[in-house]
Amino acid sequence: MGITTEAFANVPFSPLAPGNLYFSEEQQAWILSRHRDVLAALRAADLSQARPPMNGADPSLKPDREKPCFAKPNGWTHSEAFSTVVSSQTSKRQIEINRLASALPELLPRDRPIDLVSHFIRPWCLGSAIALTGVDPAHAERLAQLVEYLSESDAAPHDTNLRCRAKEVSKELDSYLPSSSDAKSTFLGIAQTLQYFLGSAWAALLQHKLEAKQLQTYPARIPSAKEELLRYAGPVHTLFRRANREMDICGTKIKLGDRLILRLQSANRDPLQFSEPDRLDFRRDVAGHLALSSGPHYCVGAPLVRMMTAISIQTILARYSEPRLSNAVEWHCGTMVMWPSSLPVMLGGAP
């Protein structure tokens, strides 16, 4: 059975078309969706994280937890302490990441559908987060549950009960993590946000059978493919910012205290930046995509994101001849991120 259009009827890979910067009276915020506008905002040092609209909540309240792509308290990147992840002492931990990636697929059946998220992506990301932060693996089961609770809150950001539970979960998570200031953002960046991206990337790859076959035949194309997948399927669709002073963004005057909504997905589909932006093309030049932010808020964990994306593609395509969707994909979409909660897949035999 081949890939059907119906299996992708609910795939949100068609973001709103980018348009001119404008002020929305309804949202009381500037809307930025062109690549040049979003890029300028990401590079602006005088924009801080802002609270997403929450059923009339006071926008002056403390910002909600922004999804950690190794995040600073007021931005979207990890603190400088993340350098420990790429230091010499992490070589053994990176070996563990590779070992986990190799071991998990060995347990997967070839003759019946499996959920690629729950059977491979989620446990691999959790195990990698545990390895890189030095958390006791004995707590893996509880940590997996805590991450799932946080994901449920992300999927229903207006649910007061889930938001309250998420705050308690965040406190409990602290009790398992090292006391370093960057431990939580590192852990959640890998166990949660990276999980979201790998799920989205594989949903896109499974939708494009010929492109997946190219990578299986020519694995040397994987480095460029992972950049295109970041552009095409990055899970962070929107960021919220507030101006700390009067400023100018691409000719538009922004006042002190103004709110800005940055539509990253739309910016990554801007035809003025990327030719035929709605097409997944592993040969394109994707320099300038904004999936990992830019400027002072650039994701310092980007090397790890790229490394694990490449490992996941190599691991699955080297073991299975023709992975394909066996059913529709269930998606979750919050105020800032979207991701597939499951990927029902038939893996097939050896290539």
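Our subject is the structure that appears above.
This write-up is about the structure you can find in this document. All of these numbers come straight from a predicted model, not from anything done at the bench. (Residues numbered from 1 in each chain as written. Predicted model: local features only at pLDDT ≥ 70, side-chain atom pairs only at ≥ 80, totals over all residues. Heavy atoms only, no water.)

## Observations regarding helix H10 (residues 302–319)
Put simply, the rule is: Secondary structure elements follow DSSP: runs of H or I of four or more residues count as helices, runs of E of two or more count as strands, with numbering from the N terminus. Each residue after the first adds 1.5 Å to the expected span of a helix. Think of it in three bands: with a 1.4 Å probe and only protein chains considered, a residue is buried below 20% of the maximum accessible area for its type, exposed above 50%, and partly exposed in between.
Its 18 residues give H10 an end-to-end C-alpha distance of 26 Å, which sits within 8% of 26 Å, the value for a rise of 1.5 Å per residue. All buried positions along H10 are accounted for by Ala302, Leu304, Val305, Met308, Thr309, Ala310, Ile311, Ser312, Ile313, Thr315, Ile316 and Leu317.

## Considerations on the nonpolar core
For clarity, the threshold we go by: Among the buried residues, those of types Ala, Val, Leu, Ile, Met, Phe, Trp, Tyr and Cys that are joined through side-chain atoms within 4.5 Å form a nonpolar core. Contacts were defined at the residue level, with two residues in contact if any of their heavy atoms lie within 4.5 Å.
Ranked by internal contacts, the top residues of the largest apolar core, which has 68 residues, are Leu116, Ile121, Trp124, Phe187, Trp202 and Leu343. For this core, the secondary-structure elements that each account for two or more residues are helix H2 (91–106), helix H3 (116–133), helix H4 (140–155), helix H5 (160–176), helix H6 (183–207), helix H7 (209–217), helix H8 (222–233) and H10. Among the elements that line this core, the one with the most residues is H6, at 14 residues. When neighbours within four sequence positions are excluded, Phe187 is seen to be in contact with Leu126, Ala129, Ile130, Thr133, Leu143, Val147, Leu173, Leu177 and Gln192. Ranked by size, the runner-up nonpolar core spans 29 residues in total, among them Ile31, Val38, Ala44 and Leu47.

## Quick look at the environment of Leu343
Within the secondary structure layout, Leu343 lies in the loop between strand S11 (338–340) and strand S12 (344–346). C-alpha of Leu343 to C-alpha of Ile121: the two residues are 222 residues apart in sequence and 9.9 Å apart in space. Residues contacting Leu343, with those up to four places away along its chain left out, are Ile114, Asp115, Leu116, Val117, Ile121, Gly199, Trp202, Ala203, Leu325 and Val329.

## Remarks on the pairing of strand S2 (residues 29–32)
For a regular strand, side-chain orientation follows a simple rule: the groups alternate between the two sheet faces. In plain terms, the rule: Following DSSP output, two strands are said to pair if at least two bridges run between them.
Where strand S1 (residues 22–24) meets S2, three bridges bridge the pair, whose relative direction is antiparallel. Within S2, the position partnered with Phe23 by the bridge is Trp30. Hairpin connection between S1 and S2: a loop of four residues separates the two successive antiparallel strands, and Gln28 in this loop has a positive phi of roughly 50°. Note that S2 and strand S8 (residues 259–263) share three bridges and pair parallel. For Trp30, the partnering residue across the bridge sits in S8 and is Leu260.

## A closer look at the packing of aromatic side chains
Two numbers describe a pair of aromatic rings. These are the distance of the centres and the angle of the planes. The condition that has to hold: Centre distance within 6.5 Å is the pairing criterion for rings of Phe, Tyr and Trp, where only the six-membered ring of Trp is used; planes under 30 degrees apart are then read as stacked, over 60 as edge-to-face, and the remainder as tilted. Ring-over charges, as used throughout, are those where CZ of Arg or NZ of Lys falls within 6 Å of the ring centre and within 35 degrees of the ring normal.
On inspection of all chains with the given rule, the structure shows three aromatic pairs. Aromatic pair Phe23 and Trp30: ring centres 5.2 Å apart, planes at 75°, arrangement edge-to-face. A relative accessible area of 29% places Phe23 in the partly exposed class. Residue Trp30 is classed as buried on the basis of its relative accessible area, which comes to 16%. Ring plane angle 15° and centroid distance 5.5 Å describe the contact between Phe120 and Trp124, whose orientation is recorded as stacked. Residue Phe120 and its partner Trp124 are located together in helix H3, separated by four residues, close to a single helical turn. Residue Phe120 shares its accessibility class with Trp124, and that shared class is buried. Positioned above the aromatic ring of Tyr232, the side-chain terminus of Arg269 is 4.2 Å from the ring centre.

## Regarding the packing of H6 against H7
The description of two helices packed together rests on the angle between their axes and the distance between the axes. Let me state the cut-off plainly: Geometry is summarised by axes, namely lines fitted to C-alpha atoms with helices restricted to the contacting stretch, and by angles between N-to-C directions that run from 0 to 180 degrees. Our angle categories are set so that under 35 degrees counts as roughly parallel, over 145 as roughly antiparallel, 65 to 115 as roughly perpendicular, and the remainder as oblique. Just so you know the grouping, Ala, Val, Leu, Ile, Met, Phe, Trp, Tyr, Cys and Pro go in nonpolar, Asp, Glu, Lys and Arg go in charged, and all remaining residues, Gly too, go in polar.
Packing of H6 against H7 brings their axes to within 5 Å, and their N-to-C directions diverge by 105°. Comparing the axis directions of H6 and H7 gives the class roughly perpendicular. Side by side, H6 and H7 meet where Leu205, Leu206 and Gln207 of the first sit next to Lys209, Ala212 and Leu215 of the second. By residue class, the composition of the contact of H6 with H7 is four nonpolar, one polar and one charged.

## As for unusual backbone geometry
Excluding glycine, most residues fall at negative phi; most peptide bonds, likewise, are trans. Not every positive phi belongs to a glycine, and Cys250 is a case in point at roughly 50°. Tracing the backbone through its elements, the reader meets Cys250 in the loop between strand S6 (247–249) and strand S7 (252–254). For Cys250, a relative accessible area of 35% translates into the label partly exposed. Although it is not a glycine, Glu276 sits at a positive phi angle of roughly 45°.

## With respect to the packing of H4 against H5
Heads up, the condition is: Note: crossing handedness is left-handed where the near helix turns anticlockwise from the far helix by less than a right angle, and right-handed where it turns clockwise.
At a minimum axis distance of 9 Å, the contact between H4 and H5 shows a crossing angle of 150°. With respect to each other, H4 and H5 are oriented roughly antiparallel. Our pair here, H4 against H5, has a crossing hand that is left-handed. Contacts between H4 and H5 involve Arg142, Leu143, Leu146, Tyr149, Leu150, Glu152 and Ser153 from the first element and Leu162, Arg163, Arg165, Ala166, Val169, Glu172, Leu173 and Tyr176 from the second. Here the contact of H4 with H5 is composed, by residue class, of nine nonpolar, one polar and five charged.

## A closer look at the sheet that holds strand S9 (residues 324–325)
The three strands lie next to each other as S4-S12-S9, forming an open sheet whose pairing is antiparallel. Looking at the sheet topology across the chains shown, the edges are occupied by strand S4 (114–115) and S9. When S9 meets S12, the two strands line up antiparallel, connected through two bridges. Considered in S12, the bridge of Leu325 is made with Val345.

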